[in-house]
Amino acid sequence: MPKEEMFGCNKLHGNNRDKWQPKSYKLTVRHNELFQKYYQGLGIVPDGEWDQFYNHLKESLPVSFRFTGFKRQSRVLLNIIKTQYFEKLVDIESEDGKPIQPLKCMEWYPDELGWQLNFSRKEVRNNTALEKLHKFLISETESGNISRQEAVSMIPPILLDVKPHHKVLDLCAAPGSKTAQLIEFLHADENKTIPDGFVVANDVDNKRCYMMVHQVKRLQSPCCVVVNHDAATMPNLRMSPDSPDFVSYDRVLADVPCSGDGTLRKNLDVWDTWHPAHGPTLHGLQTRILKRGLELLAVGGRLVYSTCSFNPVENEAVVVDLLQRCEGALELVDVSEYLKGLKAMPGLLTWRCMSRSGDWYDKYEEVPPKLLSQLRPTMFPPSEEITKQFNLNRCLRVLPHHQNTGGFFIAVMMKKQQLPWLRQIAPTKDPFLKGHKFATDNSTEKKQDDANISQSKTDDGQKKLPEEVSGGQSKTSEEGVVIEKTNTEVVSSDQNHNSEQVASSEDKNDEEMPDKSGGDSNASAVPQNSTDKAEATSQEKRKLENDRNQQVKKKQRTMGFKEDPFLFLKETDEVWPPIQ
């Protein structure tokens, strides 16, 4: 490819045809009509503050950083920066001649370890008066003494209230700034070199997992493991092969993928690409991730759900959907007074949905047929009584103009009891743990299955299909996961029965075959010799074989979750010994 095409350039002709010039890049216009219409219609901003809110979104995001909390020298380092750098940042002007406000401590961050510079990264790099501070921040960041992180993204790990003995799961961890913060909280007790707890940091993106490893290794902590998996189908883990139980986490952080309209101050591309359909597109994924996080959370544990979006379809709608499903096993925690000095708006109790074209819908019944696949019932608010019952006002929505930050949504939940769909699940049985004292015998279950099959026969001796046997009911597998029966369960057990049918049909043909001298008018239709008889028997076998093949046309489902990539085998399965 010519370099002028590669770089998007104008080619000159004539004597200068070998020269090329770069095209001028169009600056992003920080304005979006649908964004204004949507959020003004929802009323997420208090009356009279919309202009201030919208103007702050057009400004660059200030730099913020924090001192690592589990390093002994953090206090000494804070004192050095205060005396040698912060006090000198007075009467400094930006490139456009505007005076720059001095640094300020984020009063809601514990122990004065969170700080914010009221100028953007570009100004920090280009301003000569800040050059010395810039180099110092870079060197201390590489050594792990300082972590540069957006101010609002520091809030969820603080609200998790992590203790050194907690088992913590970060479902969507990359690039790792929140994970690093969680590790710092584990090491808060400096009298203990290695805490009892640990952090499992998971992300679905393999490349971002490598970024997370680079971020976390600066802290030199042995209490973190990085996992590359889909958060919506995060598998159960054991502490060791000899452990009978799966790990239940004391703390779970679900900072789920979102439309990202709260990051407009740093991600300028969102101005051009944002539209109201982004939220409904991600609603299902966010719900599945939150549901899986609640399943992995221990009873009495705490989960924080967060997004960098203002959209209630991605926030309150997801939270209230799971609250209704959990039937009282889950409750929102009031954390409004937990972070003193943090300014945030309460969660919405009612909202509306908008189509991509900008049409409003107050209820699901108003959605036209062509949009039923885009706007689902769970995206709309329930009745006012239900929203008040679940205390949705305990959610937090951080607005940029209140404390010169980005936008964020946080909901803190506590699991009071086991989830309804997990209460009746059978005890864990794992064929991979054969020989251990907690391994269970499958013989009883096998006998019960054989008894159920024998009872499913009809009066004429034929067996019912699985759908008829179960009557639409589901079956619990060894692993305690509810699965559906498949037609393949009947095929192997039917083989002997079908062979008996073939044998009986042969005897029946022998008995019903008329005598040659009988002069029966239908004698011509009946095989008269052994060759014809064998051919008829062969046709009968092929017919039975075709019937069996038709029964197994339905694709077999693996055990476990629908999206689970693992297949669990019984100890009695003939495939298991060679694999073992």
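For the structure itself, look to the data block above.
Okay, so let's go over this structure. Quick caveat, the model's predicted, so the values are computed rather than measured. (Residues numbered from 1 in each chain as written. Predicted model: local features only at pLDDT ≥ 70, side-chain atom pairs only at ≥ 80, totals over all residues. Heavy atoms only, no water.)

**Focus: the overall build of the chain**
- Secondary structure summary: the chain contains 19 helices and 19 strands in total.
- When the 580 residues of the chain are sorted by exposure, 43% land in the buried category.
- Sequence-distant contacts in the chain: of pairs separated by 6 or more residues, those separated by 24 or more amount to 75%.
- With an accessible surface of roughly 31,700 Å², the chain has 49% of that area assigned to carbon and sulfur atoms. (Helix = DSSP H or I, 4+ residues; strand = E, 2+ residues; numbered from the N terminus. Buried < 20%, exposed > 50% of the residue type's maximum accessible area, 1.4 Å probe, protein only. Contact = heavy atoms within 4.5 Å. Areas by Shrake-Rupley, 256 points an atom, 1.4 Å probe, with all protein chains shown as cover.)

**Quick look at the packing of helix α2 (residues 33–42) against helix α3 (residues 50–58)**
- Look at α2 against α3: their axes get within 12 Å of each other, and the N-to-C directions meet at 140 degrees. Between α2 and α3, the interaxial angle falls into the category oblique. In this structure, the crossing between α2 and α3 has a hand that is right-handed. Counting all contacts with α2, which are made through F35, Q36, Y39 and Q40, the residues of α3 involved are W50, F53, Y54 and L57. (Axes fitted to C-alpha atoms, helices over the stretch in contact; angles between N-to-C directions. Parallel < 35°, antiparallel > 145°, perpendicular 65-115°, else oblique. Left-handed = near helix turned anticlockwise from the far one by under 90°.)

**Regarding the pattern of salt bridges**
- Counting across every chain of the model gives 14 salt bridges.
- In this structure, the salt-bridge partner of K167 is D250, at a minimum N-O distance of 3.8 Å. In this pair, K167 is assigned in strand β7 (residues 167–170) and D250 in strand β10 (residues 249–255), connecting sequence segments 83 residues apart.
- Salt bridges linked by common partners bring K291, R292 and E295 together as one network. (Salt bridge = Lys/Arg side-chain N within 4 Å of Asp/Glu carboxyl O.)

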